[in-house]
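Structural features, examined
Read off the chains here:
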Amino acid sequence: MLGKKINLQKLLAPVVLVILYVLFSIIGNGFFTTDTLKTILESSYYIGFMAFGVTFIIITGGIDLSLGTVMMCSALLGAYSFKVAGWPLALSLVLTVAVGVMFGLVNGVFVAKLKLPPFISTLGTMMMAQGVGSIITKVQSQTWPTSTDPLGGWFKKVFIRYNGMPVGAFWLAAFFIIAVLILHKSKFGRYVFAIGSNEEAARLSGINVEKWKIMVYALSGFFVGMAGIFYAAAYTTITPGTGNGQEMNGITGAVIGGVSMAGGSGSMVGTLIGVFIMSVLKNGLASCGLQAPWQTFFTGLVVVLAVLLDNYRTRAANRVRKS
Amino acid sequence: MGDVILKMTGIEKSFPGVHALSQAQLEVRAGEVMALVGENGAGKSTLMKVLTGIYPKDDGKIEFFGKEIELRSPKDAQDLGICIVHQELNLMQHLTVAENIFIGREPVIGPFVNQREQNRMTTELLESLNIDLNPKRVVKTLSVAKQQMVEIAKALSFNNTKLLIFDEPSAVLTDTEIDDLFRFINQLKADGLGIIYISHRMDELKRISDRITVMRDGQYVDTLVTANTDIDEVVRLMVGRVIYEEPRTHSMVAPDAPTVLEVEHLNSLDVKDVSFHLKKGEILGFAGLVGAGRTETMRLICGADPKDSGTIRVNGKEVRIKTPEDAVRNGIGYLSEDRKRYGLCIGRSITENTVLTDLGKVSKGLFVNDRKADRISQDYIDKIKTKTPSTRTLVRSLSGGNQQKIVISKWLFKNCDILIFDEPTRGIDVGAKSEIYHLMTELAKEGKSIIMISSELPELLRLSDRIMVMCEGKVTGELDIAEASQEGIMRFATDRNVGVSKNAG
Ligand SMILES: Nc1ncnc2c1ncn2[C@@H]1O[C@H](COP(=O)(O)OP(=O)(O)OP(=O)(O)O)[C@@H](O)[C@H]1O
Ligand SMILES: [Mg+2]
């Protein structure tokens, strides 16, 4: 009986997602269509990747504010290497991810080796990444190939949509599974939880906390680089000096999904659902004719509600029941 | 003895999967010390948490001064004059001693805290309790024992207190400090307070308590008048069998056993020129008062803190130990005295904590084999009789003593050749203690070498082959077990002037 009760609580977030979807299908204008579903999916890709990455970091008790600008910087440099420097597209894609990993490593070294608070060090890299993108591109907007481009026309087909099929969803699913395996099944994942729940105990257990923390930030950087690719595939043109604020989308997704900012607990499934809740909300509100400011307002409200709900949920789990 | 001031009857309390209290009862009179004893997980702390409004009871009745009371929050209990010194420390680590004691009741001048007055009041309080502490010290920088004293001072600072609960206060204290503690308990008793005293140290019961209530598996067993009771009888009621621990009379180490660990001229802020060696299969005890530098020494050896100078040799080879990882790689494992801060990830499961020291052993390639990990942690649960509903239970929800057992399982699993146990049996019940003693003896027989820090002299005398005594960061004595006695150890432990004086053969 007890097991069932706890499972019910775990089901809460998915249930909220479904309720929101059904609600908007009823009240929204033209919301309940496959097209909207595709839009929902497609606007989730890059946020999803960012959220997967930052989930690892938040579980170790850290935070990454540089997600947004690093994503832009990597997409910007990728496009620059392709269009201006004339690299083959595949190589440019590798560069895009590499830029993310590099910034992740920098964050990792700042946090783990130099013992800077994550908030401060990633605030620093947030600005640095924005600067680097602008400096290298000389503040020129960069474009990725569209599907009709003779060179690299496959870009969008591979990453976003092929013959109306949302292929991006397969990528997201594949990397979601990878992220789940790493977080919940691998040794690395155990260390992530252990560090977040008691870093000193982990260190005294003979775990190289510094090394693993650097790895966490680098892994998150990898996901951010991937986010860069999917952002590029969705929006084609990348403008230097943007990206600020995008990190909040990623962090919010994780938080709505129940990842505790205090570290030590959270799940990848939660994060994925959190990201979808945000997309459904955004597209749903739009279909009701509410504009961006309203969407922002409601997303904020959902964050607060989600955390409240989570508090309630943990308290309910700890509460004493009559037998 | 005074009137009955507290009467708890038919108390029921369940947690998910655990029936923690079932028909529990307790009675306390004014001016008496009621000892509450029972195995780890018997429900002592839970009963006290019900009494102090931390957990709501599922059923039962609490009468305080003849009136039935309902406690909705810890504040309710405080207002009625029921105060508790918790088993697990609950201080705000970043605040000072004075701030911790007077939190929520700060003396003020208009809207501001009157710091000076607060510090003065704290000094006065600490002095009246004979505690040597600066009120402005940040709690984080204090040792566990000192923190415990702050907790006690805090509980005693409420002046309307009518019933005071001590949940294992002596677990982290050494004998001298316990003497002080017992002095104020006796004084409070004389003032007519009722006192509930929880302890796993059976030798204390005769000294401090007037009556003893025994609990077992969440149930009330019996209440005995201390003066007419034999302690063996109490133990029998607690664990269902008689336990006798014989002190060791001679060293069990083979004379030709090789030296596995040599420490020479170790120095740091709190450690002054410490040298010693450890032989294969030896149990080396470390005695001393709180603040003698025993923990600090071991933290240097296991790489938890950086040392200023000194050499460490393992199996004759000099090793560089900069981090705990280096220490573990060289086969040195350290079980911290402060499990909550340094030993456990309390928000994670038993299994996760147990296998954390050596995940490689339960992994295939990159991935952890959860089933194998669970099986192993179950083995340790059975071996040292940890009381828990399952291997996936969060460590946070275990009773204090059972949490300690998880720390032990964790290092048994790592299988280091040199194990440093810092207060290994703190908060562990008599039955389990004796199991842990046997376990340590077995480990030593198998060829593991053990260093054990303990503030319980009988425990050191029962287990050690040799005892080092420290005082104020220096080694002041070394005793072979054959000639060690409580008095001898205490002499060295309070020996503030002498350098190293050898007494060993
Ligand atoms: N918050 C909680 N959630 C779930 N189970 C709990 C919780 N607190 C206590 N328990 C369980 O209730 C039982 C009684 O625990 P309690 O802490 O009262 O034991 P105790 O007698 O104080 O033991 P010890 O001597 O080890 O401190 C244990 O089995 C414990 O696991
Ligand atoms: Mg207890």
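Source: prediction; values computed, not measured.

Examining the layout of surface pockets
Residues and elements named next belong to chain B. Roughly 860 Å³ of internal volume is contained in the second largest pocket. Around the second largest pocket, the lining comprises 38 residues; the ones closest to its centre are Thr141, Leu142, Ser143, Gly291 and Glu296. Of all elements in the fold, only α5 (144–156), α9 (294–301) and α11 (339–343) reach the threshold of two or more residues within the lining of the second largest pocket. In terms of residue count, α9 provides more of the lining of the second largest pocket than any other element does, four residues in total. Considered class by class, the residues forming the lining of the second largest pocket number 12 nonpolar, nine polar and 17 charged. Viewed by domain, the lining of the second largest pocket spans two of them, domain 1 (4–239) and domain 2 (259–494), each represented by three or more residues.

Topic: the confidence of the model for chain B
All names here are of chain B. Scored by pLDDT, chain B has a mean of 88; 97% of the residues are at 70 or more. Mean pLDDT across the elements of chain B bottoms out in strand β25 (residues 501–502) (44) and peaks in strand β3 (residues 33–37) (96). The ipTM, which scores confidence in the relative placement of chains, is 0.77 for this predicted complex, and the corresponding pTM is 0.81.

A closer look at the domain arrangement of chain B
Residues and elements named next belong to chain B. Per the domain assignment, the segments making up chain B are domain 1 (4–239) and domain 2 (259–494). Placing a centre on the C-alpha atoms of domain 1 and another on those of domain 2 gives a separation of 29 Å. Taken together, the contacts link 32 residues of domain 1 with 28 residues of domain 2. Note on domain 1 versus domain 2: buried area summed over both sides is about 2,100 Å², and carbon and sulfur give 50% of it. By the criterion of area lost to domain 2, the three top residues of domain 1 are Asn40, Glu88 and Thr174, representing 27% of everything that side buries. Where domain 1 packs against domain 2, one counts five residue pairs in polar contact (both at pLDDT 80 or more). Counted by class, the side of domain 1 that touches domain 2 contains 12 nonpolar, 12 polar and eight charged residues.

Quick notes on the side chain of Asp167(B)
All names here are of chain B. Along the polypeptide, aspartate 167 turns up in strand β9 (residues 163–167). No salt bridge is formed by the buried aspartate 167. Its closest oppositely charged neighbour is lysine 49, at 6.4 Å. In terms of polar contacts, aspartate 167 uses its side chain to reach the side chain of serine 45, at 2.7 Å. Contact partners of aspartate 167, with chain neighbours within four places excluded, come to Ser45, Val85, His86, Gln87 and Ile198.

Details of the sheet that holds strand β4 (residues 59–64) of chain B
Residues and elements named next belong to chain B. Read from one edge of the open sheet, four strands run β2-β1-β4-β5, paired in antiparallel fashion. A strand with exactly one partner marks an edge of an open sheet, and here the two such strands are β2 (18–29) and β5 (67–68). Here eight bridges tie strand β1 (residues 4–15) to β2, and the two strands are oriented antiparallel to one another. Looking at β2, one finds that phenylalanine 15 is bridged to valine 18.

Let's talk about the site of ligand 1
All names here are of chain B. What surrounds ligand 1 is a group of 20 residues, the closest being Gly41, Ser45, Thr46, His200 and Ser399. Within the backbone of glycine 43, a nitrogen or oxygen atom sits 2.9 Å from an oxygen atom of ligand 1. Contacts to ligand 1 include histidine 200, whose side-chain N or O atom sits 2.7 Å from an oxygen atom. About the coverage of ligand 1: the protein hides 90% of its 640 Å² of free accessible area.

A closer look at the packing of helix α14 (residues 400–414) of chain B against helix α15 (residues 430–445) of chain B
Residue and element names in this part refer to chain B. Where α14 contacts α15, the two axes come as close as 13 Å, and the packing angle between them is 15°. As judged from the angle between their axes, α14 and α15 are roughly parallel. As for the relative orientation of α14 and α15, their crossing is left-handed in sense. Side by side, α14 and α15 meet where Lys405, Ile408 and Leu412 of the first sit next to Ala432, Ile436, Leu439 and Leu443 of the second. Looking at the contact of α14 with α15 residue by residue, the classes come out as six nonpolar, no polar and one charged.

Details of the pairing of strand β11 (residues 211–216) of chain B
Residues and elements named next belong to chain B. Counting buried residues along β11, five of its six residues qualify, which places the element largely inside the surrounding structure. Inspection of the sheet shows β3 paired to β11 by four bridges, in the parallel sense. Across the sheet, leucine 36 pairs through a bridge with threonine 213, a residue of β11. Sheet topology note: the β11/strand β12 (residues 219–225) ladder contains six bridges and is antiparallel.

Cut-offs and rules
- Residues numbered from 1 in each chain as written.
- Chains lettered and ligands numbered in written order.
- Predicted model: local features only at pLDDT ≥ 70, side-chain atom pairs only at ≥ 80, totals over all residues.
- Heavy atoms only, no water.
- 1 Å grid on protein atoms, 1.4 Å probe; cavity = no way out; pocket = protein on both sides within 12 Å on 5 of 7 lines; lining within 4 Å.
- Points joined across faces, edges and corners; volume = space filled by probe spheres on them.
- Helix = DSSP H or I, 4+ residues; strand = E, 2+ residues; numbered from the N terminus.
- Nonpolar A, V, L, I, M, F, W, Y, C, P; charged D, E, K, R; others polar.
- Domains from an automatic or database assignment.
- pLDDT = per-residue confidence, 0-100.
- Contact = heavy atoms within 4.5 Å.
- Buried area = accessible area lost by both parts, 1.4 Å probe.
- Polar contact = N/O pair within 3.5 Å; in protein donor to acceptor, adjacent residues only side chain to side chain.
- Buried < 20%, exposed > 50% of the residue type's maximum accessible area, 1.4 Å probe, protein only.
- Lys, Arg positive; Asp, Glu negative; His and termini not counted.
- Salt bridge = Lys/Arg side-chain N within 4 Å of Asp/Glu carboxyl O.
- Pairing = 2+ DSSP bridges.
- Near = heavy atom within 4 Å.
- Areas by Shrake-Rupley, 256 points an atom, 1.4 Å probe, with all protein chains shown as cover.
- Axes fitted to C-alpha atoms, helices over the stretch in contact; angles between N-to-C directions.
- Parallel < 35°, antiparallel > 145°, perpendicular 65-115°, else oblique.
- Left-handed = near helix turned anticlockwise from the far one by under 90°.

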